Amino acid sequence: FALILMGDGSQKQAMHVGVGDEIKTQQEKTLEWTNARVNEKKVLTSSRIKILFGDEEIVVSPNHRFYVDNRSEYIPARELVDGSTNSRAGIYHIT
């Protein structure tokens, strides 16, 4: 299950996050961390993409966004190319 970082620093399974909860999120352009209130909750079904960085793997929807250093922007997972970099995660490998 996906864990969501809550505003108080705790983690909660995504299925248990609700409208009104406060979560931590990173501002898209400045990359500053901030707290935000959940104002809508939807359950979506979509295809999945497996992304490997080092010995870690994550499975995400094609629209999940990742920050890519060599493009200096957030892009959807479906646009990642093998070898894209992130200073925290290392090199993305798409499978």
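Structure's up top.
Structural notes, computed from the coordinates.

So, how was this worked out
Counting restarts for each chain: residues are numbered from 1 in the order of the written sequence. Residues qualify for local features only when their pLDDT is at least 70, as the model is predicted, and side-chain atom pairs are given and counted only at 80 or more; totals for whole chains, interfaces and linings, by contrast, use all residues. Side-chain metrics in this entry use all non-hydrogen atoms of the structure; hydrogen atoms and water are not considered. Whether two strands pair comes down to DSSP finding at least two bridges between them. Secondary structure elements follow DSSP: runs of H or I of four or more residues count as helices, runs of E of two or more count as strands, with numbering from the N terminus. Here, nonpolar core means buried Ala, Val, Leu, Ile, Met, Phe, Trp, Tyr and Cys residues that are tied together by side-chain atoms lying within 4.5 Å of each other. Think of it in three bands: with a 1.4 Å probe and only protein chains considered, a residue is buried below 20% of the maximum accessible area for its type, exposed above 50%, and partly exposed in between. Salt bridge, as used here: a side-chain nitrogen of Lys or Arg that lies within 4 Å of a carboxyl oxygen of Asp or Glu.

### A short note on the pairing of strand 7 (residues 65–68)
Thought 1: Both strand 7 and strand 8 (residues 73–76) contribute to a ladder of four bridges, which runs antiparallel. Following the sheet pairing, F66 is matched in strand 8 by I75.
Thought 2: Counting the residues in the hairpin turn of strand 7 and strand 8 gives four residues, including S72, whose phi is positive at 55°.

### Considerations on the nonpolar core
Here is a general trend for soluble globular proteins: nonpolar side chains tend to be buried in one another's company.
Thought 1: By size, the foremost hydrophobic cluster in this structure holds nine residues: I49, I51, F53, V60, F66, V68, I75, A77 and L80.
Thought 2: Elements represented by at least two residues in this core include exactly strand 5 (49–53) and strand 7.
Thought 3: Here the element with the most residues in this core is strand 5; it accounts for three residues.

### Describing the environment of K50
Thought 1: Tracing the chain through its elements places K50 in strand 5.
Thought 2: What makes K50 partly exposed here is its relative accessible area of 35%.
Thought 3: Residues K50 and S61, spaced eleven residues apart in sequence, show a C-alpha to C-alpha distance of 8.9 Å.

### Remarks on unusual backbone geometry
Thought 1: The phi dihedral of L31 is positive, around 65°, even though this residue is not glycine.
Thought 2: If you trace the backbone, L31 turns up in the loop between strand 3 (22–26) and strand 4 (33–37).
Thought 3: Even without being a glycine, S72 presents a positive backbone phi close to 55°.
Thought 4: Assignment of secondary structure puts S72 in the loop between strand 7 and strand 8.
Thought 5: Relative accessible area serves as the criterion here: at 55%, S72 is assigned to the exposed category.

### Remarks on the pairing of strand 6 (residues 56–60)
Thought 1: With five bridges connecting them, strand 5 and strand 6 associate as antiparallel partners. Bridging across to strand 6, I49 finds its partner in V60.

### As for the pattern of salt bridges
Thought 1: Evaluation of the coordinates by the stated rule reveals six salt bridges.
Thought 2: Notably, a salt bridge pairs K42 with E40, separated by 3.9 Å at the nearest N-O pair. As far as burial versus exposure is concerned, K42 and E40 are alike and both exposed.
Thought 3: One salt bridge connects R71 with E73, and the closest N-O pair in it is separated by 3.1 Å.
Thought 4: You can call R71 partly exposed: its relative accessible area is 40%.
Thought 5: Members of the salt-bridge network, linked through shared partners, are R71, E73 and E79.

Distances and angles like these do not, on their own, reveal function.
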